[in-house]
Amino acid sequence: MAETKQARRFIPVGIAVLTVSDTRTLADDRSGDTLVARIEEAGHRLAARAIVPDDRQKIAAQVKAWTLDKAIDVVITTGGTGFTGRDVTPEALEPLFEKRMDGFSEVFHRLSYDKIGTATIQSRATGGVANATFIFVLPGSPGACRDAWDGILKQQLDYRHMPCNFIEIMPRLDEHLKRG
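Reading the values: rules and limits
- Residues numbered from 1 in each chain as written.
- Predicted model: local features only at pLDDT ≥ 70, side-chain atom pairs only at ≥ 80, totals over all residues.
- Heavy atoms only, no water.
- Helix = DSSP H or I, 4+ residues; strand = E, 2+ residues; numbered from the N terminus.
- Rg over C-alpha atoms; globule rule 2.2 N^0.38 Å.
- Buried < 20%, exposed > 50% of the residue type's maximum accessible area, 1.4 Å probe, protein only.
- Areas by Shrake-Rupley, 256 points an atom, 1.4 Å probe, with all protein chains shown as cover.
- Core = buried A, V, L, I, M, F, W, Y, C linked by side-chain atoms within 4.5 Å.
- Contact = heavy atoms within 4.5 Å.
- Salt bridge = Lys/Arg side-chain N within 4 Å of Asp/Glu carboxyl O.

S.K.: Is there a simple way to explain the overall build of the chain in this structure?
M.R.: From N to C terminus, the chain includes seven helices and eight strands. Computed over C-alpha atoms, the radius of gyration of the chain comes to 16 Å, within 12% of the 16 Å expected from 2.2 N^0.38 for 180 residues, which places it in the range of a compact globule. Along the first, second and third principal axes, the C-alpha atoms of the chain reach 45 × 40 × 30 Å. Out of the 180 residues belonging to the chain, those deemed buried represent 48%. Roughly 9,200 Å² of accessible area belongs to the chain as shown, and the carbon and sulfur atoms make up 52% of that amount.

Structure below.
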């Protein structure tokens, strides 16, 4: 059973938030605002924030640059996970993944199903690791961002969460690169 061990100290990490949209600006980016508020409320650092259009190359370039920034441990994107012609975030980011996180998508859809039913199948939420950086690709709605953060990321990005969490394995994400 999952639990929080208060004897362990909280370890804040740097998190970047990328909104993928042809129409949103920082002034009306409710999904990005939802993530930023939760990141800061949890005690993490907002390391970067940007909005890019629904363009594969621009999405990939921004996320790749962030994965190379040592101040950024986690990238969370919002938007572009549907099935329309402009929804290209998974196509832009999955090629960057060194490892896919299939369980993230599965748990996200389970949580989402409880709230929106079968409409959850219209999202291609995904997750993975690239350059020792966790990447989570979320739908563009504030509700989806709340569900992902509150139901998965808040716990997994807390070192006190037991029996395991992402924070405790971060130092080992690039160990395959250090082997001879």
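S.K.: Help me understand the nonpolar core in this model?
M.R.: The tendency in soluble globular proteins is for nonpolar side chains to be buried side by side. The biggest cluster of nonpolar side chains holds 27 residues, and the ones touching the most others in it are Val74, Ile76, Phe134 and Phe136. Of all the secondary-structure elements, those providing two or more residues to this core are β2 (14–20), α1 (30–42), β4 (74–78), α4 (102–116), β7 (133–138), α5 (142–156) and α6 (166–169). Counting residues per element, this core draws most heavily on α5, which supplies six residues. Excluding residues within four positions of it along the chain, phenylalanine 134 makes contact with Asp73, Val74, Val75, Met101, Gly128, Val129, Phe166, Ile169, Met170 and Leu173.

S.K.: Honestly, the pattern of salt bridges in this entry has me stumped. Any pointers?
M.R.: Where charged atoms from two side chains of opposite charge come close, those side chains can pair. In total, this model carries 12 salt bridges according to the counting rule given. The partner of glutamate 168 in a salt bridge is arginine 8, and the shortest N-O contact between them spans 3.3 Å. Taken together, the residues glutamate 168 in helix α6 and arginine 8 in the loop between β1 (3–4) and β2 connect sequence positions 160 residues apart. Residue glutamate 168 is classed as partly exposed on the basis of its relative accessible area of 26%. Between aspartate 29 and arginine 49 there is a salt bridge; the shortest N-O distance is 2.9 Å. Of the two residues, aspartate 29 sits in the loop between β2 and α1 while arginine 49 sits in strand β3 (residues 45–52), which places them 20 residues apart along the sequence. Among the residues examined, aspartate 29 registers a relative accessible area of 0% and is labelled buried. Taken together, the shared-partner salt bridges in this structure form one network comprising Asp29, Asp33 and Arg49.

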